[in-house]
Amino acid sequence: MSDRPFHLLLLSVSAGNGHVRAAQALAATAAQHWPGCTVTHVDAMDHVAASFRKLYTDGYLGLVNRAPELWAYLHDRADATPHAAASQRLRRGIERLSAAPLLREIRRQRPDAIVCTHFLPAELLMREQARGRSTCPVWLQVTDYDLHNMWIVPGLAGYFAANEEVAFRMRARGLPAGRVYVTGIPVMPAFAAPDDPALARAACVQALGLDPARRVLLMASGGAGTGDLPSMARRALALEGPDFQLVAVAGRNAQAHAALQALAREHPQRLRAIGFTAEMHRLMAAADLVVTKPGGLTVSECLALGRPMLLAAPIPGQEEHNATHLMEEGAAWLAWDAIGLDYKLARLMAAPALLEAMAARSRALGRPQAARGVLQRVLGPAPEAAA
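Described in the following lines is the structure provided in the data block.

### Overview of the overall build of the chain
- Counting secondary structure elements, the chain contains 17 helices and 12 strands.
- Its C-alpha radius of gyration of 21 Å places the chain within 12% of the 21 Å reference for a compact globule of 387 residues.
- Taken along the three principal axes of its C-alpha coordinates, the chain extends 65 × 55 × 35 Å.
- Sequence-distant contacts in the chain: of pairs separated by 6 or more residues, those separated by 24 or more amount to 66%.
- Counting every atom, the chain has about 17200 Å² of accessible surface; 55% of that belongs to carbon and sulfur.
- In the chain, 40 positive and 34 negative side-chain charges are present, and the distance between their average locations comes to 6 Å.

Right, dumping it as structure tokens:
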């Protein structure tokens, strides 16, 4: 028996931010509730051939931003292609050749358990286990509100689903029912739902220096069809009727941040321009409505805080399915283009009762403790729960 601490390895893929953020949420939650466990987070793209990394990350982003119709075709085609098809075997062969350094890194880490927040490392490890080269239990966390064929990786220790429908689809596609768990999508501990949302909102509004008497609109993204974030903000400020204050988050886009700062000088009492921030949980908690793209992690954070959403220009495939789920459940509206965004924004900001109803549905769907649920399956009860 080894005296070393239990070692949990988290494997993500930086094709988009959601898979990485899910792994970060698991790492932060483990540090908070399982302090005796050693946790290592590895981005698989740091341990693959440079050419493969560029194709996998830049290629994905290029397709969804510049050729969304092509991405939609490839997404649907891959979803309908059996795993045993020649094209899928070729894809997995290329991945194995390109990711040999990743397998060496995993062996070097000597983990006691592995959680993958992307299907790529899970597929590689499935093959290692099938050939008897690894016995470490591997778990897979799906990070959207729909299930694509790529996530069907047989032979793993367990599978974590965002909701009951995703779990149903897992079982329908052949994964063992006893290994499928509905946990939600992991979010950082800061997004845990407050006991009193109204008090939490008031505290966040005060901490951010916003006007407590006016509604708060949070814009966190632009996209194809709806325009860039500065143009979205300018149109929102020009809407007639509802009075609100706008917080626009440009993230690491320095050009967009500069344009928003210039616009804020024209509207000093109505617009707050923010670049990269670690305070997104406070901004969301303060918001009466969040305008965002429907990425799996972003909407899970909104749901965890019980925030209504106006979803903008979803990426074909996974984001469209996320949007459909949220609209069916009454937590969000969807705008496909700039005109639709302006129209629906004006309607929602003028209807506080509707926003509150959407917020209630969002709270009902939220799973702020998803990361704990995942880790309890993988690590067992947290020490404080076992005491």
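### Overview of the nonpolar core
- The biggest cluster of nonpolar side chains holds 43 residues, and the ones touching the most others in it are Ile 114 and Met 170.
- Per-element accounting of this core gives the leading share, 5 residues, to helix 6 (residues 119–130).

### Some words on the side chain of Thr 292
- With respect to the helices and strands, Thr 292 occurs in strand 10 (residues 289–292).
- With residues near it in sequence (within four places) discarded, Thr 292 still touches Ala 220, Ser 221, Thr 298, Leu 310, Leu 311 and Ala 312.

### Side note on the side chain of His 281
- Positionally, His 281 belongs in helix 11 (residues 280–286).
- With relative accessibility at 17%, the residue His 281 sits in the buried group.

### Thoughts on helix 12 (residues 296–304)
- The buried count for helix 12 comes to 9 of 9 residues, which makes it a mostly enclosed element.
- Listed as buried for helix 12 are Gly 296, Leu 297, Thr 298, Val 299, Ser 300, Glu 301, Cys 302, Leu 303 and Ala 304.
- The elements touched by buried residues of helix 12 are helix 1 (18–33), helix 11, strand 10, strand 11 (309–312), helix 13 (318–328) and helix 15 (352–365).
- Following helix 12 by one or two positions, Gly 306 adopts a phi angle in the positive range, close to 70°.

### Considerations on empty space enclosed by the protein
- Within this structure, the stated rule accounts for 1 cavity of 30 Å³ or more.
- For the largest cavity, the calculated volume is near 50 Å³.
- Around the largest cavity, the lining residues are Pro 194, Pro 197, Ala 200, Arg 201, Ala 285, Leu 305 and Arg 307.
- A per-element tally of the lining of the largest cavity places helix 8 (residues 197–207) first, with 3 residues.
- Classifying every residue of the lining of the largest cavity gives 5 nonpolar, no polar and 2 charged.

### Description of the layout of surface pockets
- Considering only enclosed or pocket space, the second largest pocket measures out at about 210 Å³ in volume.
- Lining the second largest pocket are Pro 197, Ala 198, Arg 201, Arg 215, Asp 288, Arg 307, Pro 308, Pro 352, Leu 355, Glu 356, Ala 359 and Arg 363.
- Of all the secondary structure elements, the ones that give two or more residues to the lining of the second largest pocket are helix 8 and helix 15.
- Considering every element that reaches the lining of the second largest pocket, the biggest residue donor is helix 15, with 5 residues.
- Of the residues belonging to the lining of the second largest pocket, the class tally is 6 nonpolar, no polar and 6 charged.

### What about the packing of helix 1 against helix 12?
- Look at helix 1 against helix 12: their axes get within 8 Å of each other, and the N-to-C directions meet at 50°. With respect to their mutual orientation, helix 1 and helix 12 come out oblique. Contact residues: Gly 18, Arg 21 and Ala 22 in helix 1; Leu 297, Thr 298 and Glu 301 in helix 12.
- The class makeup of the residues in the contact of helix 1 with helix 12 is 2 nonpolar, 2 polar and 2 charged.

The rules behind the values
- Residues numbered from 1 in each chain as written.
- Predicted model: local features only at pLDDT ≥ 70, side-chain atom pairs only at ≥ 80, totals over all residues.
- Heavy atoms only, no water.
- Helix = DSSP H or I, 4+ residues; strand = E, 2+ residues; numbered from the N terminus.
- Rg over C-alpha atoms; globule rule 2.2 N^0.38 Å.
- Contact = heavy atoms within 4.5 Å.
- Areas by Shrake-Rupley, 256 points an atom, 1.4 Å probe, with all protein chains shown as cover.
- Lys, Arg positive; Asp, Glu negative; His and termini not counted.
- Charge placed at Lys NZ, Arg CZ, Asp CG, Glu CD.
- Core = buried A, V, L, I, M, F, W, Y, C linked by side-chain atoms within 4.5 Å.
- Buried < 20%, exposed > 50% of the residue type's maximum accessible area, 1.4 Å probe, protein only.
- 1 Å grid on protein atoms, 1.4 Å probe; cavity = no way out; pocket = protein on both sides within 12 Å on 5 of 7 lines; lining within 4 Å.
- Points joined across faces, edges and corners; volume = space filled by probe spheres on them.
- Nonpolar A, V, L, I, M, F, W, Y, C, P; charged D, E, K, R; others polar.
- Axes fitted to C-alpha atoms, helices over the stretch in contact; angles between N-to-C directions.
- Parallel < 35°, antiparallel > 145°, perpendicular 65-115°, else oblique.

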